[in-house]
Each structure stands twice: as structure tokens, then as C-alpha cells.
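# Observations on chain architecture
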Amino acid sequence: MPIASVNPTTAEVLKTFLPLGAEEVESAIAQAARTFETYRLTSFDQRAQWLENTANLLQQQRDALAHLMTLEMGKPITEARAEIDKCAWVCRYYAEQGAAFLRPELIPTEASYSAIHYQPLGIILAVMPWNFPFWQVFRFAAPALMAGNVALLKHASNVPQCALAIAQLLSEAGFPKGVFQTLLIPGSAVADLVADPRIQAATLTGSEAAGKSLAQAAGQHLKKTVLELGGSDPFIVMPSANLPQAIATAVQARMINNGQSCIAAKRFIVHEAVYEAFAEGIKAAFEKWVIGDPLEPTTQLGPLATAAIRDELHAQVELALSHGAKVFYRRSLNLPSHCQQGYFFAPTILTEVTPDNPVFTQELFGPVAMLFRVPSLTAAIELANATPFGLGASAWTQENDEAEILVRDLEAGAVFINAMVKSDPRLPFGGIKASGYGRELGRAGLLEFVNIKTVCRYGDP
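Throughout what follows, the structure given in this document is the object of discussion. (Residues numbered from 1 in each chain as written. Predicted model: local features only at pLDDT ≥ 70, side-chain atom pairs only at ≥ 80, totals over all residues. Heavy atoms only, no water.)

## Observations regarding the packing of helix 5 (residues 135-146) against helix 6 (residues 160-172)
The line we're drawing: Every angle, taken between N-to-C directions, lies between 0 and 180 degrees, and every axis is a line fitted to C-alpha atoms, over only the stretch in contact when it is a helix. Under the DSSP-based scheme used, a helix requires at least four consecutive residues in state H or I and a strand at least two consecutive residues in state E, with every element numbered from the N terminus. Angle categories: roughly parallel below 35 degrees, roughly antiparallel above 145, roughly perpendicular from 65 to 115, and oblique for all the rest. Throughout, a crossing is termed right-handed when the near helix is turned clockwise from the far one, and left-handed when it is turned anticlockwise from it by less than a right angle. Contacts are residue-level and defined by heavy atoms, with any inter-residue pair within 4.5 Å sufficient.
Where helix 5 contacts helix 6, the axes come no closer than 12 Å and their chain directions differ by 30°. Regarding the angle of helix 5 to helix 6, the classification is roughly parallel. The handedness of the crossing between helix 5 and helix 6 comes out as right-handed. Taking contact as the criterion, the partners of Val-137, Phe-138 and Leu-145 in helix 5 are, on helix 6, Ile-166, Leu-169 and Leu-170.

## Points about the pattern of salt bridges
Which entries qualify depends on this criterion: Here a salt bridge means any side-chain nitrogen of Lys or Arg lying within 4 Å of a carboxyl oxygen belonging to Asp or Glu. Under the scheme applied here, a residue whose accessible area is under 20% of the maximum for its type counts as buried, over 50% as exposed, and between as partly exposed, the area being computed with a 1.4 Å probe on protein chains only.
Under the criterion given, the structure shown has 18 salt bridges. Taking the shortest distance from any N to any O, the salt bridge between Arg-62 and Asp-85 comes out at 3.0 Å. Separated by 23 residues along the polypeptide, Arg-62 in helix 3 (residues 62-73) and Asp-85 in helix 4 (residues 77-102) bring together distant segments of the chain. Close ionic contact of Lys-224 with Glu-448 constitutes a salt bridge, the shortest N to O distance being 2.9 Å. Placement of Lys-224 in strand 9 (residues 224-228) and of Glu-448 in the loop between helix 14 (442-446) and strand 20 (450-457) is noted, with a sequence separation of 224 residues between them. Look at Glu-448 and you get buried, because its relative accessible area is 15%.

## A word on empty space enclosed by the protein
Where we set the bar: For cavity detection a 1 Å grid was placed over the protein atoms alone, and a set of points counts as a cavity when a 1.4 Å probe fits there but cannot get out; an open set counts as a pocket when protein lies on both sides within 12 Å along at least five of seven lines, with lining residues being those that have an atom within 4 Å of a point. Grid points are joined across faces, edges and corners, and a volume is the space filled by probe spheres set on the points. Each residue is assigned to one class: nonpolar for Ala, Val, Leu, Ile, Met, Phe, Trp, Tyr, Cys and Pro, charged for Asp, Glu, Lys and Arg, and polar for all the others, Gly among them.
Per the counting criterion, the structure on display carries four cavities of 30 Å³ or more. Lining the largest cavity we find 14 residues, and of these Arg-139, Phe-140, Pro-143, Gly-445 and Phe-449 sit closest to its centre. At four residues, helix 5 tops the list of elements feeding residues into the lining of the largest cavity. Residues that form the lining of the largest cavity fall into these classes: seven nonpolar, three polar and four charged. Considering only enclosed or pocket space, the second largest cavity measures out at about 80 Å³ in volume. For the lining of the second largest cavity, the residue count by class is seven nonpolar, six polar and three charged.

This is the structure:
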């Protein structure tokens, strides 16, 4: 079955690709294995130079790559350009810091030499999502390649042009043939890749179901995995919060990437003392958000990435309403004529979503917010933690004691006080509970796919 690139703004098929056959996949794996034997011996300086070259190319081709991203998955063009900038940043970060992170660490013992060495594992399989089609790949690839690994990318099937563009970029930057290869294959082919003894580990960003499937396949073959899965991030607002700033950030945190972000704020948990003011403020801000063609620089909200994603979100909202939830706000859509066949979804705010509502524990992947009223900090934290997910959390307070309690008690891989949750190359990123395990970014992310080797030598060298 062909792999189709579809413009979600117009529902137009842009291009189709035939998936790779078994012989082509085998050839790619064999090439990666051969390349690793020499690539692992390259110097840190050489790998860093290739990453610097990649960053330069990303910035030189920024507008064209951003345009491709917006065409293929509907991201507003201003966000797409920012995503390319962030990819250049992560490449430069590991080019600058990677050697220090990977240098042998001396540990005093009774041996004449004892140290921890960090060595590459080999071929790493990356199964990546469509929502940040460049960033998700580069935040894996930059540290993995800097560590001396080689990579095979199985990207989401709705962004094949982005997947091919990434492989082309890394090739243009000078990375040897076979260091990074894109495989246009269906998701059903992933288990066979994981089973291949030449592939040493795998990383996946995606849904909880996809993560479980990969982890099960990898577990059968004792392969290391890193999983970054879904999230239903809380956004807690306490009475001392800077309310105008919290409201402005709340809308951005819910609407970013057309609402399609694992770390987007999805559950707004507001103290009763400021609930009415916050609710009216976020409603007014939702009403002002500019919806339309994502190629227009003034557009803030474009379409969802596929018809299936739009339909699933619609079904979730209807399910919530059938179990007692109320619509506090729903935006009318007045779209340009060329966008009317696109996969747009009206921004919506739900209230009265009770714990017995099936949607209470689900992730809403689109511009739909759930609004909750709570009487205390304790109640806010209990509600925030009442989810199977644990990716990020944003909390707003000017009280230091409250901030310390929030940091201590919120069950999440990241807690941001008075700010929106975001990823940063300098800081580890990942979740707990059903949001996955392992870390990307920072030094911790680089060390996920290395052999942490103990080395002891006794006697004179």
C-alpha cells in the first residue's frame, strides 16, 4: 500500500511513495552495520564538525524545510521555522558538549587505572511521530550520532517527505553513507526490525499503545528502549499567580502545534478563588486566536494532521458530553474557501469532566481544554496526579512554600513553575508512568545509547 503525503489544510494528496521491500530494508541494515565498524572509530572532533555542518544547513534551508513541514502536517509556519531553529540548536549543543560528556571518567580505586568509558552501541532504530517531524528526529539523532552510533529512522507514515529531507540533510552535512538512513516502511514492519540482531536498541516517541508494542517486541530480544509517550499535562493556577501571564501562557500551552503536543497543557486546574477570572480570561483568549491557513504568518491555529486524528478527537468530545461534561466554550470556524476540506477542529473548553467520565483519564490531542475548579493546593495536586500519564506539569504561584510542594509532589518528568512546559537540549526530557521511560536531551539523553563500560587495569601500563 503506498505511503501518502497529504496536505491537511486542503486534504490534497501531495505525493505518494512505495514502501521499501524486504531486500531494500536488508540492504539498509547491512549498510548501517558496515558503516558502524568505521564510524565508531571517528574522532569526537570529526563528529562535532558534521553536526555543525548540519546546523548550518538547517539554518540555510530553514524556510524551505519549514514550508515542507507545514504542507505535510499543518503546523503554523512561524512554529515550523522555530522548530528548524531548535534542530540547529540541538546539533550545535551536542557538537559543543558531546566530547566532554563522553570523555572517560576516572574513578580512584586500588587499581592503577580505573575509569568509566562511554562507547557506542551500534545501530539504533528510531520510531518517530509526525507532530514535530524534524525536532523529534534531531533530538534523538544529534546525541546518538555524536556518541558514535548509527541510526535507522522509521518516521510516521504521513510525513514521508520530511523523513527523506532529514536523511538528505545529514548526508549533505558530510556524515558517511549508512550513518543515518530513512526507511519508508509501514508500522507493521517495526517488530521484524527490532528482532534483527544487528539492531542494538530502539527509541520511540508516540502513543501509549505504540510504546507498549515496541517495548514488548524489544523485551523478547533483550533490546534497550527509550519511550516518550502521551501526556495529559496539568496546568495549575493558585490564587497568588500572575493571572494575566498565566492566562496568556495557558492558551499558548494548549494551542501550540495546533494542540498536538505531548507536553501541551490539557487539564487546567484552577483554585476557586481565581477560577471565574481565569475561565473568562482563557475563553476570551481562545476567541482571539487566529485560525486559518497555516502557511499564512499570522495564523496561530491550523488543521489537525490527519482526518483520523480529527475524527478521534471529535469522538472523544462527544463521549465526554454523553457522560455529563459541559461545553463552556466552542469556537465557530470561519475558514477560507481553500481550507474548508481540511482537518480543522474548533477550539473547545470542557467543564464538569468528572472522574467517572471515560475522557477524564484520556489524552485529548488537539485544541480542546478541560477546566477544573479546586478548593486547595492539596486538591489541585491530587487532581493533577489522577492520570495514568506523567510527562510534564506547569504550576503558577508566587508562594515559595507552594512551589516547593508542587515540585516535590507532582508526578511528572518535568515541573515548570510560572512557565510553560518545554524541551531544552540542555535538560533531560521524558516522563514516568504511562508517559514512558528513559530520557532524551542533556547528558542523560546522550548516555541512553552507550555502553557504560567499567575499565580497570592493574600493574604498570
